Amino acid sequence: MSAASTVRGRVVKVTGGGLFRWLAFGVFWGYLVVRWLYQWVGADLLGMDPRAPLLPVETFRTLATTWDGTRIGGLFSFLRVAGDALPAAVTGTWLTIILTVVAMAAGLVIAVPLAVTRVYGGPVTRWAALGYTELIRGTPLLAQLFVLYYGLSLSATLRELPFVGEGFIPAQAALVAMIGFIINSSAYQAEYIRSALQSVEVGQLTAGRAVGLSKLQTIRRIVLPQGLRYGIPGWSNELVYLIKYSSLAAFITVPELYKRTRDIASGNFRYFELLVVAGVIYLGLVLSASALMGRVEQRVAIPGLGE
Amino acid sequence: MGAQSGTTGEETIQDELIANGELEESNYTSYDNYVLAVEDLENGNIDAIVIDEPVGDTFANQRPVEVAFIYETNEQYGFGMRTDDDDLTTAVNEGLQTVRDDGTYEDLTAEWFGS
Amino acid sequence: MTLLEFADVHQSYGEEEVLDGISFGVDRGAVEVIIGPSGSGKSTLLRCVNRLTDIDSGDIRLDGTSIYARDENELRQQVGMVFQDFNLFAHLTALENVTLGLRRVRGFSKEEAVADAHDHLERVGLLEQAESYPAELSGGQKQRVGIARALAMDPEIMLFDEPTSALDPELVGEVVSVMRDLAEEGMTMLVVTHEMGFARSTASRLTFLDDGRLVEQGPPEQLFERPEHERTGTFLRRLTELHGGIDR
Amino acid sequence: MLLQSGAWEYIAANWVYLGWGLVFTVCLTAVSVVLGFLLGLPAGIIETYGSGYSRGLVERAGVLVRGTPIVIILVAFYFLFPLTIAAFWAAALGLGIRSAAYQSQIFRGALQSVGDGQMEAARSVGMSKLDAIRRVTVPQALRRSIPGFQNEFTIVLKDTSVAYAIGLGELLTRGTNLYLTEQGNTAVLEIFLAISAVYFVLTMTTNLSLDALGRRFAIPGGEGR
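Residues numbered from 1 in each chain as written. Chains lettered and ligands numbered in written order. Predicted model: local features only at pLDDT ≥ 70, side-chain atom pairs only at ≥ 80, totals over all residues. Heavy atoms only, no water.

Participant: Tell me about the UniProt feature "transmembrane region" (unreviewed entry) in chain A, and please be specific about residues and values.
Facilitator: Residues and elements named next belong to chain A. Residues annotated in UniProt with the feature "transmembrane region" (unreviewed entry) correspond here to residues 20-38, 94-116, 128-149, 169-188 and 270-292. With 85% helix and 0% strand, residues 169-188 has its two end C-alpha atoms placed 26 Å apart. Within residues 270-292, the helical portion is 96% and the strand portion 0%, while the C-alpha atoms at the span's ends are 33 Å from each other. (UniProt positions renumbered as here; feature names shortened; annotations may be inferred. Helix = DSSP H or I, 4+ residues; strand = E, 2+ residues; numbered from the N terminus.)

Participant: Lay out the pattern of salt bridges with the relevant residues and their values.
Facilitator: One pass over the structure, following the stated rule, counts 31 salt bridges over all chains. Arg 47 of chain C is paired through a salt bridge with Glu 120 of chain D; the nearest N and O atoms lie 2.3 Å apart. Here Arg 47 of chain C is found in helix H1 (residues 42-49), whereas its partner Glu 120 of chain D is found in helix H6 (residues 116-124) on a different chain. In this structure, the salt-bridge partner of Glu 185 of chain C is Arg 123 of chain C, at a minimum N-O distance of 2.5 Å. In this pair, Glu 185 of chain C sits in the loop between helix H6 (169-184) and strand S8 (188-192) while Arg 123 of chain C sits in helix H4 (residues 110-123), placing the two residues 62 residues apart along the sequence. Three or more residues joined by partner-sharing salt bridges are found here, namely Arg 118, Glu 134, Arg 137, Glu 191 and Arg 194 of chain A. (Salt bridge = Lys/Arg side-chain N within 4 Å of Asp/Glu carboxyl O.)

Participant: Could you give an account of helix H2 (residues 18-46) of chain A, with specific residues and numbers?
Facilitator: All names here are of chain A. Along its length, H2 shows its largest kink, about 55°, at Gln 39. Among all positions of H2, only Phe 25, Phe 28, Leu 32, Arg 35, Trp 36, Tyr 38, Gln 39, Gly 42 and Ala 43 are buried. The secondary structure elements touched by the buried residues of H2 are helix H4 (71-120) and helix H12 (271-300). Positive phi shows up at Gly 47, right after H2, with a value of about 60°. (Bend = angle between axes of the 7 residues up to and from the residue. Buried < 20%, exposed > 50% of the residue type's maximum accessible area, 1.4 Å probe, protein only. Contact = heavy atoms within 4.5 Å.)

Participant: Now, about the side chain of Gln 39 of chain A: what can you tell me, with residues and values included?
Facilitator: Residues and elements named next belong to chain A. By the element assignment, Gln 39 lies in helix H2. On the accessibility criterion, Gln 39 (15% relative accessible area) is buried. Dropping the residues within four chain positions of it, Gln 39 is found in contact with Pro 50, Pro 87 and Thr 91.

Participant: Break down the UniProt feature "transmembrane region" (unreviewed entry) in chain D for me, with residues and values.
Facilitator: Residues and elements named next belong to chain D. Taking the UniProt record as the reference, the feature "transmembrane region" (unreviewed entry) is found at residues 20-46, 67-92 and 187-210. The span residues 20-46 is 100% helix and 0% strand, and its two end C-alpha atoms sit 39 Å from each other. A helix fraction of 96% and a strand fraction of 0% characterise residues 187-210, whose end C-alpha atoms lie 35 Å from each other.

Participant: I'd like a rundown of the interface of chain A and chain D, residues and numbers included.
Facilitator: Listed per partner, the contact involves 40 residues of chain A and 43 residues of chain D. Summing both partners gives a buried area of about 3,700 Å² for chain A against chain D, and 72% of it is carried by carbon and sulfur. The tally of links from chain A across to chain D stands at six residue pairs in polar contact (both at pLDDT 80 or more). Broken down by secondary-structure element, the contributors of at least two residues to the side of chain A that touches chain D are helix H1 (3-6), helix H5 (123-137), helix H6 (141-151), helix H10 (215-245) and H12 of chain A. Classifying every residue of the side of chain A that touches chain D gives 25 nonpolar, nine polar and six charged. (Buried area = accessible area lost by both parts, 1.4 Å probe. Polar contact = N/O pair within 3.5 Å; in protein donor to acceptor, adjacent residues only side chain to side chain. Nonpolar A, V, L, I, M, F, W, Y, C, P; charged D, E, K, R; others polar.)

The following block contains the structure:
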């Protein structure tokens, strides 16, 4: 079974022409970066409220009232509500990105040795690695988060640690979510890398040993470099999944993108506008990740390997 | 500080504390429901929650928490209905009136909301 | 009497001219063998006859009427095709591979289809393998089922697209003998192949294609012994060394 | 927080309540996967054989659904649906449509792996394109999609837990409700471990049974696995 077939569905294929796509990415990331800088630094420099929207929300409001009852009025009232919510949503997006990136990186660091033990380990270690991956992949992420946050009340212990919640270090709830995502993602990544390693022809291993390389060297120099390339589609699919599943952190009070938009919606009941704002940002993150991984896959590709 | 999202308790925290800078926004957590808020209060994740008085009293009797103080917002309790649902509204109001006239209203208030 | 006629057929893939003005006719009952180096356009020419590939200009006529003037499914009932890599329906038994066309295309009832399919499988010597799946058959057996499947449509002409090049040498014989029997029974055949043995012994005419153009046409003896064009000679000599002895 | 014995009695005492949650989860999974199949297969076929316009439409819809977190899809169906459908059907619709967006990719991959040779062989015998799809390529693609389908089945099963977001009485929501009762909150770790164990058993059994299904449908000696 090729690596691709264990992939949980396909990577989101980025459609749309070249120029349009880059323009859209430019506007999307441009706005996010400007907004972040404004909130962290700009607001204090300019002596403005960091939570104030940059978009002309007031003009949307007036236009909405003047054209009230018409389609255009509806549009402007949509833009007003969305504009009002964007500052909070974008702050949450930063946390969503941090959660995803850290969990993917730390997950990879755990997944590679895990996968190598699954394929080349001794019986005991192999069984342990299999047990870990099957247990994590067999239970829902949300249940895992609840075990960590409510079950073990991990956050209470984390809260005592000195650096938690200071400056850029997220508060304890987010750290619990991060730990949960790292554990969860490491199991899925280990599965992709394991099946990628197994799709490296056996001949490669024997060839390495024939040249006199030790088992470990062969794994590091020959099998892993090829295996990791086979694993890229699976890995990038996991990245896309984690961006979306990071929204589950909302249920253990982590103020990331989804929670912030939902909290606003539960206040003003404008679920349509808020879901669209969150949905568009998630879509932007997912399409950017897919495009980025597509480029990485091309640059790293070796002719004739992994088709 | 904690509160259930979308409640007047949350609004009070947003307007009275966060807006005028007395409380850092990162120090406020909103919860799906107030029971989760009390759990986190017990776990020590948050130091205080803003909640409706009667619910606060019940938790105070059941759990190792206490009511710090009452912040009077003279909010009223009410039934939420669709604006165009007139016959339901009249039916509920009539029912309320009869319950008030024959005294059951006081008994229920005493029973469920204490003194 | 000409059954199939190519009239100035042009076809290009991007800027590359794959078929550059091919015109010739194939008589009813004839065995036309097309030879030439790879990339000469022989397979493409074959695939144009049953419209698996479209042409840019010119015309192809079957029984006097253009193949583009009628419904392509009806056309394909009259034009059987055997593929280089067999393309048997992997999820169906040998029998079902033959009955599927009979029932879905020719509207046979279940019993008629099974009976007719048994006859065709017997004709290619595979009656016992009727219930086996393609993956359980040898290459030679698969190709013979492919022939039976095409024959079941009762076509007027049979196209063979390098039928033996995917086979191990020792299996080529069983397929070539079935093709020879067909030729003797008077089936019109258009065959693209490197099997010089078959070409020399059974072909009524050889057509040498190169670079999308018809270089030379004539009976096998003429092209093998006294080729008019030098390129035909060198191609045939190189091929005979490659494929060993002449009469297989 | 040690595992207290009292906690397990408490969970055992509420096994009926949790049991119904399990029934909810299994039904929701089944309905969503079937809906995902009914929408996903045609979408997969259109993405493989469709003409420019219809294919482009299905592809963009797929990208949109696959690019949206499942919790947003569920909440959207729950709140935005004009007709007051029960939470169960909002969740089933949301999970079903998201599952369809992934199943379409499984079927598209499987259809493409069947190869053009099969389609050409069917057409060369005179079969119409639609007949060839129905009788030749799809039957083979379905067999090849079993591993992908098995994967998707367990994903939907686990993702039913996200119906917590709309307060649907499935397994995890009931576990949380149990936790939030007065006696429950001392048994919180045991409750969520028990619930996770149930999901684990459910995933294992579905994987094993789908493995058996795959073997039974495999074509003898063939690579149809």
